[in-house]
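Fold and contact review
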Amino acid sequence: MRKKIVAGNWKMNMNFSEAEQLLSAITEGISEKGKGDTELIICPPALYLNMASDISPDSDFLVGAQNASEFDNGAYTGEISAAMLASMSIDYCILGHSERRKYFHETDETLAIKVKKIIDHGMSPIFCCGELLEEREANKHFEVVRTQIEKALFSLSVDDFSNVVLAYEPVWAIGTGKTASPEQAQEMHAFIRSLIAEKFGTDAAESTSLLYGGSCNAKNAEELFACKDVDGGLIGGAALKANDFLIIANSFPKI
Ligand code: PEP
């Protein structure tokens, strides 16, 4: 059985007291509404990781970072290492988000290093991949996603790969209100699962959680999560509202 996961990427939003309020609203929401067997992950800005991991044992969510350095330690002003995250009981780290690729020029080569460091420190990367609108329009989306995954993840051993969560995030759907249709999401997720099967074997492919991200919200999560190969979501804007986030967490098909 694959894990069902809903991860909230807060990006660079919320001041300290807003973050505190959102974390306590999520904690209350979990105890009121429940979350079934969905694994909830909160990825706040790095400054609030400590606060989130302090609360998380009393609540029912795990904590993820939004980035980690490719370096181990030393004179890298402004950076946060995988070892530092691990020392704060962080469970996950988003890597390869399209905003980091675009604004911070992260390449798949750098991401391969970051992915390995996160795994070596006992955490799980949530590795993001996805095509630009012009790449989809040119029918290059499968090729783009294949290259991102091959370059950043295919040097891992099967054992290391078992820690990876993937998020398919078509760039044209992030923060735009344009969601991929369930058919588009399912088609790409099935393709990603077949790539994993070719490289790491069917067991790995069947047990890897593949999340969809890109304007997933309280209204459309149910039809996206009903897709056979969609195991949850990486949620941006809708993760900033406790109620919506919990509706999304409870949007998996009831069996
Ligand atoms: C994201 O940034 O990972 C994301 C999916 O954002 P949004 O849900 O706002 O499109």
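To start, this report covers the structure provided alongside it. Quantities reported herein were computed from a predicted structural model and do not represent experimental measurements.

**Focus: the site of the ligand**
Taken together, the neighbourhood of the ligand is formed by 14 residues, with Lys11, His97, Glu169, Gly175 and Ser215 sitting nearest. His97 places a polar side-chain atom, nitrogen or oxygen, 2.7 Å from an oxygen atom of the ligand. For the ligand, an oxygen atom lies 2.8 Å from a polar atom in the backbone of Ser215. Protein contacts shield 95% of the accessible area of the ligand, which totals 290 Å² for the unbound molecule.

**Brief notes about the pattern of salt bridges**
Going through the model one piece at a time under the given rule, you end up with 18 salt bridges. Across the salt bridge formed by Arg136 and Glu131, the nearest N and O atoms sit 2.7 Å from each other. Comparing Arg136 with Glu131, the two get one shared label, buried. One continuous salt-bridge network, built from bridges that share partners, spans Arg2, Arg193, Glu206, Lys228, Asp229 and Asp231.

**Here's the deal with the nonpolar core**
Ile149, Leu153, Leu166 and Ile192 are the most contacted members of the largest nonpolar core, which totals 68 residues. The element contributing the most residues to this core is helix 9 (residues 182-200), with 7 residues. Core analysis: the next-biggest nonpolar cluster, separate from the first, contains 12 residues, Ile5, Cys43, Ile94 and Cys128 among them.

**Observations regarding the pairing of strand 7 (residues 210-213)**
Across the two faces of strand 7 the burial is the same, with Leu210 and Tyr212 and Leu211 and Gly213 all buried. In this structure, strand 6 (residues 165-168) lies alongside strand 7, joined through 3 bridges in parallel fashion. Each residue of the ladder has a partner; that of Ala167, found in strand 7, is Leu211. Sheet topology places strand 7 next to strand 8 (residues 232-235); 2 bridges connect them, and they run parallel.

**Observations regarding the sheet that holds strand 2 (residues 39-43)**
Strand order around the closed barrel formed by 8 strands is 1-2-3-4-5-6-7-8, with parallel pairing between neighbours. Put simply, the sheet's adjacent strands are angled 25° from each other on average, direction ignored. As paired elements, strand 2 and strand 3 (residues 62-65) share 2 bridges and run parallel to each other. Residue Ile41 lies in a different strand from strand 3, and its bridge partner there is Leu62. Its contacts with the sheet place helix 7 (residues 141-153) against strand 5 (124-129) and strand 6, and it is angled at close to 150° to strand 5. Each of strand 5, strand 6 and strand 7 touches helix 9; the most contacted strand, strand 7, lies at about 145° to it.

**Topic: the pairing of strand 2**
Counted residue by residue, strand 2 has 5 buried out of 5 residues, so it is predominantly covered. Because side chains alternate across strand 2, one face comprises the buried residues Glu39, Ile41 and Cys43, and the other comprises Leu40 and Ile42, equally buried. Judged from the 5 bridges that link them, strand 1 (residues 5-9) and strand 2 form a sheet pairing that is parallel. Note on strand 2: the bridge partner recorded for Gly8 is Ile42.

**Quick look at the side chain of Asp231**
Mapping Asp231 onto the fold places it in the loop between helix 11 (221-225) and strand 8. A polar atom in the side chain of Asp231 sits 2.9 Å from the side chain of Arg2. Setting aside residues up to four positions removed in sequence, Asp231 forms contacts with Arg2, Lys3, Lys4, Ile5, Arg193, Thr208, Ser209, Leu210, Leu211 and Phe252.

**Focus: the packing of aromatic side chains**
Enumeration according to the criterion identifies 7 aromatic pairs in this entry. Here Phe16 and Tyr48 contribute two aromatic rings whose centre-to-centre distance is 6.1 Å and whose plane-to-plane angle is 65°, an arrangement assigned as edge-to-face. One end of the pair, Phe16, is in helix 1 (residues 16-33); the other, Tyr48, is in the loop between strand 2 and helix 2 (49-55), and 32 residues separate them in sequence. We classify Phe16 as partly exposed; its relative accessible area is 46%. Judged by relative accessible area, Tyr48 falls into the buried class, the value being 9%. Between Phe71 and Tyr76 the ring centres are 3.9 Å apart and the planes differ by 5°, which places this aromatic pair in the stacked class. For Tyr76, a relative accessible area of 36% gives the class partly exposed.

Reading guide: rules and limits
Residues numbered from 1 in each chain as written. Predicted model: local features only at pLDDT ≥ 70, side-chain atom pairs only at ≥ 80, totals over all residues. Heavy atoms only, no water. Near = heavy atom within 4 Å. Polar contact = N/O pair within 3.5 Å; in protein donor to acceptor, adjacent residues only side chain to side chain. Areas by Shrake-Rupley, 256 points an atom, 1.4 Å probe, with all protein chains shown as cover. Salt bridge = Lys/Arg side-chain N within 4 Å of Asp/Glu carboxyl O. Buried < 20%, exposed > 50% of the residue type's maximum accessible area, 1.4 Å probe, protein only. Core = buried A, V, L, I, M, F, W, Y, C linked by side-chain atoms within 4.5 Å. Helix = DSSP H or I, 4+ residues; strand = E, 2+ residues; numbered from the N terminus. Pairing = 2+ DSSP bridges. Axes fitted to C-alpha atoms, helices over the stretch in contact; angles between N-to-C directions. Contact = heavy atoms within 4.5 Å. Phe/Tyr/Trp six-rings, centres within 6.5 Å; stacked < 30°, edge-to-face > 60°.

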